[in-house]
Amino acid sequence: MAYVLGLDLGTSSLKGLLMNEKGESCGTATADYPLLHPASGYSEQDPAEWIRACEIVFETLKAAVPDFTEELQGISFSGQMHSLVVLNDEQEVLRPAILWNDVRTSAQCAKIMATFGDDLLAITQNIALEGFTLPKILWLQENEPEIWQEVRHLLLPKDYLGFWLTGQQHMDYSDAAGTLLLDVAKKEWSTEILNQFAIPATYLPPLIDSQGKTGVIRPALRQRFGFKHEIQVFAGGADNACAAIGAGILEVETGMVSIGTSGVFLSYEDTKIPHYAGQLHLFNHGLKDRYYSMGVTLAAGHSLSWFKETFAKDLSFEELLAGVGNIGPGANGLLFTPYIVGERTPHVDSRVRGSFIGIDTTHTLSHFSRAVLEGITFSLKDSQQLMETIAGKTFDKIISVGGGAKNPEWLQIQADIFGTEILCLEVEEGPGLGAAMLAATGLGWFASLQECSDTFVSYKKGASPIPTNVEKYQKIYETYQKVYAATKDICYELGE
């Protein structure tokens, strides 16, 4: 049985997922690596750690799967978006990568918007935020000019790992869309932006589709790990694009809600680019000539974790949520806004903070727990509503992944607040599955990603909306939407 390997290069670890032609998982391996925080708000990583992790993944799978080195045919990637890797003329790393969650670049974001403003939005379909790559490049130019003088190559993390494997540099469109350097519609590097910020076009790698072949594993690596034949390598995609592929988000009527530390509400966009005016992120999909839009809740699962650690440290999550199903929609008048670290969608606001509103003496720990789940879900509904009102979308199902898919009461809350059937994955493999699917399709195992999805992705029922609950939540959501405007100035004053 032939294999493909999906490598998911995340913020804290590299995960390898080995899949066969039947869409069956045949092995997994994980290697962790550290984050570097040289100053407050800084988040960096040594790219050498990604190489070390890949070596561990190869060796682990080699030991666990007897025919791994004989039957592996293709490799592709999912990668953390936005993070900046800089190389010199000898293709050597010049400094630790500046990661997506690094927030040192507020001044550079302001400069970009003051310089480009609406033109930036028209070209990239996104506004400048600290996470994106372009602000990091500007920070490097301004604060480490001696290093910038040596820079000759700009890469993203998964593309650096691909370069190590093949000796070739490429970047796929879904990851390039997160740099603020790509003309999303034209699928080419924006000469206007590059010229404005003195970034030579030669520093950027050739662009390629996510299923595109970037090369084969270098002979030295093939010999080192004992691969019996040539291993083809494919470009891969950004983590959210690969997560969408791995969840089967390949049609406009299907959405995805992903709840981890942060939360994402994501939908597939066809060939026509909707005009979200920066209220939502819009990026190129891993599916050729398609797009996806997404909104972000900064503290989704983080809100629940914070609540548990602060008020119920001795309870497990299961114990904390055990009574939630006995509480009705609206938690008996208790409302939570999950702005505990600021918010992204629809309010790009780092200063606003969260709140519990409507507390009275009847409220128990279970009421507060349910209010937290509802508040997180209301925040994600903000993104759903933008998609429906601006782009005219209608969702007939939403795939729930991550922590929100693990609790039946929360699944029911999602169905009732989103007003849509909720499905879960039979086996949730994350972005690594999307990467494996890109390799499988690139190899020609399937005629299309949709055909691959029919084999690799399967669903189970999560929850169906209850009409009376949907009606109740619609009214509560209208109240939820008023909280931001009513509390933001108070938050700013308290934060001074």
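Scroll up to find the structure.
Cut-off values and rules
- Residues numbered from 1 in each chain as written.
- Predicted model: local features only at pLDDT ≥ 70, side-chain atom pairs only at ≥ 80, totals over all residues.
- Heavy atoms only, no water.
- Helix = DSSP H or I, 4+ residues; strand = E, 2+ residues; numbered from the N terminus.
- Rg over C-alpha atoms; globule rule 2.2 N^0.38 Å.
- Buried < 20%, exposed > 50% of the residue type's maximum accessible area, 1.4 Å probe, protein only.
- Contact = heavy atoms within 4.5 Å.
- Areas by Shrake-Rupley, 256 points an atom, 1.4 Å probe, with all protein chains shown as cover.
- Lys, Arg positive; Asp, Glu negative; His and termini not counted.
- Charge placed at Lys NZ, Arg CZ, Asp CG, Glu CD.
- Phe/Tyr/Trp six-rings, centres within 6.5 Å; stacked < 30°, edge-to-face > 60°.
- Core = buried A, V, L, I, M, F, W, Y, C linked by side-chain atoms within 4.5 Å.
- Pairing = 2+ DSSP bridges.
- Axes fitted to C-alpha atoms, helices over the stretch in contact; angles between N-to-C directions.
- Parallel < 35°, antiparallel > 145°, perpendicular 65-115°, else oblique.
- Left-handed = near helix turned anticlockwise from the far one by under 90°.
- Nonpolar A, V, L, I, M, F, W, Y, C, P; charged D, E, K, R; others polar.
- Salt bridge = Lys/Arg side-chain N within 4 Å of Asp/Glu carboxyl O.

1. Some words on the overall build of the protein chain
Looking only at helices and strands, one finds 18 helices and 24 strands in the protein chain. Here the C-alpha radius of gyration of the protein chain, 23 Å, is about what a compact globule of 496 residues would show, namely 23 Å. By principal-axis analysis of the C-alpha atoms, the protein chain measures approximately 70 × 50 × 45 Å. Taking all 496 residues of the protein chain together, 58% fall into the buried category. Long-range pairs, those at least 24 residues apart, make up 71% of the contacts in the protein chain between residues at least 6 apart in sequence. Summing over all exposed atoms, the protein chain offers an accessible surface of approximately 19,200 Å²; the carbon and sulfur share of this is 49%. Charge centroids of the protein chain, computed over 36 positive and 61 negative side chains, lie 1 Å from each other.

2. Looking at the packing of aromatic side chains
Applying the stated criterion across every chain, the model contains 24 aromatic pairs. Consider the rings of F58 and F227, whose centres lie 5.6 Å apart with planes at 90°: the pair is edge-to-face. In this pair, F58 sits in helix α1 (residues 47-64) while F227 sits in the loop between α10 (219-225) and β14 (232-234), placing the two residues 169 residues apart along the sequence. Each member of the pair, F58 together with F227, is buried. With centroids separated by 6.2 Å and ring planes inclined at 15°, the aromatic side chains of Y477 and Y480 adopt a geometry described as stacked. Residue Y477 and its partner Y480 are both found in helix α18 (residues 467-495); the two are separated by three residues, about one turn of the helix. The exposure class assigned to Y477 is buried, which follows from its relative accessible area of 4%.

3. Some thoughts on the environment of A64
Examined against the element boundaries, A64 turns out to sit in helix α1. Placed 37 residues apart in sequence, A64 and G27 show a C-alpha to C-alpha distance of 7.4 Å.

4. A few points about the nonpolar core
Looking at soluble globular proteins, one finds that nonpolar side chains tend to be buried together. In this structure, L134, L154, L181, I199 and F456 are the most contacted members of the largest nonpolar core, which totals 126 residues. Sorting elements by how many residues they give to this core places helix α14 (residues 365-391) first, with nine residues. Leaving out residues up to four positions away in the same chain, L154 has contacts with L84, V85, V86, I137, W148, M171, I199, Y203, L204 and P205. Grouped together as the second largest cluster of nonpolar side chains are 37 residues, Y3, A31, L99 and L161 included.

5. Observations regarding the sheet that holds strand β23 (residues 422-425)
Within a beta sheet, neighbouring strands are joined by backbone hydrogen bonds and run either parallel or antiparallel to one another. If you walk across this open sheet you meet the seven strands as β18-β19-β17-β16-β22-β23-β24, and the pairing is mixed. With one partner strand each, in any of the chains shown, β18 (281-284) and β24 (459-463) form the two edges of the open sheet. Across the sheet, the mean angle from the axis of one strand to that of its neighbour is 30°, orientation sign disregarded. Across four bridges, β18 lies against strand β19 (residues 291-297) in antiparallel orientation. Each bridged residue has a counterpart across the sheet, and for L282 the counterpart in β19 is S293.

6. Remarks on unusual backbone geometry
Backbone torsion omega between T345 and P346 reads 0°, so that peptide bond is classified as cis. With respect to the secondary-structure elements, P346 resides in the loop between β20 (335-337) and β21 (355-357). A positive phi angle is found at L180, which is not glycine, with a value near 65°. When you line up the elements, L180 lands in the loop between α8 (173-176) and β10 (182-183). On the accessibility criterion, L180 (0% relative accessible area) is buried. In this structure, A277 is a non-glycine residue whose phi angle is positive, near 55°. Summarising the element assignment, A277 is placed in the loop between β17 (263-269) and β18.

7. Examining the packing of helix α15 (residues 408-418) against α18
Interhelical geometry of α15 versus α18 gives an angle of 70° and a closest axis separation of 7 Å. Between α15 and α18, the interaxial angle falls into the category roughly perpendicular. Here α15 and α18 pass one another in a crossing that is right-handed. Of the residues in α18, those touching α15 at I413, D416 and I417 are N469, V470 and Y473. A class-by-class count of the residues in the contact of α15 with α18 yields four nonpolar, one polar and one charged.

8. Examining the pattern of salt bridges
Side chains that differ in charge, positive against negative, can pair when their charged atoms come close. According to the stated counting rule, one finds 20 salt bridges in the structure shown. The salt bridge partner of E44 is R104, with a shortest N-O separation of 2.7 Å. Here E44, found in strand β4 (residues 44-45), pairs with R104, found in the loop between β7 (97-98) and α3 (106-115); they are 60 residues apart in sequence, far enough to count as distant. Residue class for E44 comes out buried when judged on its relative accessible area of 5%. Given a relative accessible area of 11%, R104 falls into the buried group. D209 serves as the salt-bridge partner of K187, at 3.5 Å between the closest nitrogen and oxygen. In this pair, K187 sits in the loop between β10 and β11 (188-189) while D209 sits in the loop between β12 (207-208) and β13 (213-216), placing the two residues 22 residues apart along the sequence. Given a relative accessible area of 17%, K187 falls into the buried group. For D209, a relative accessible area of 22% puts it in the partly exposed group. One continuous salt-bridge network, built from bridges that share partners, spans E44, R95, D102, R104 and E144.

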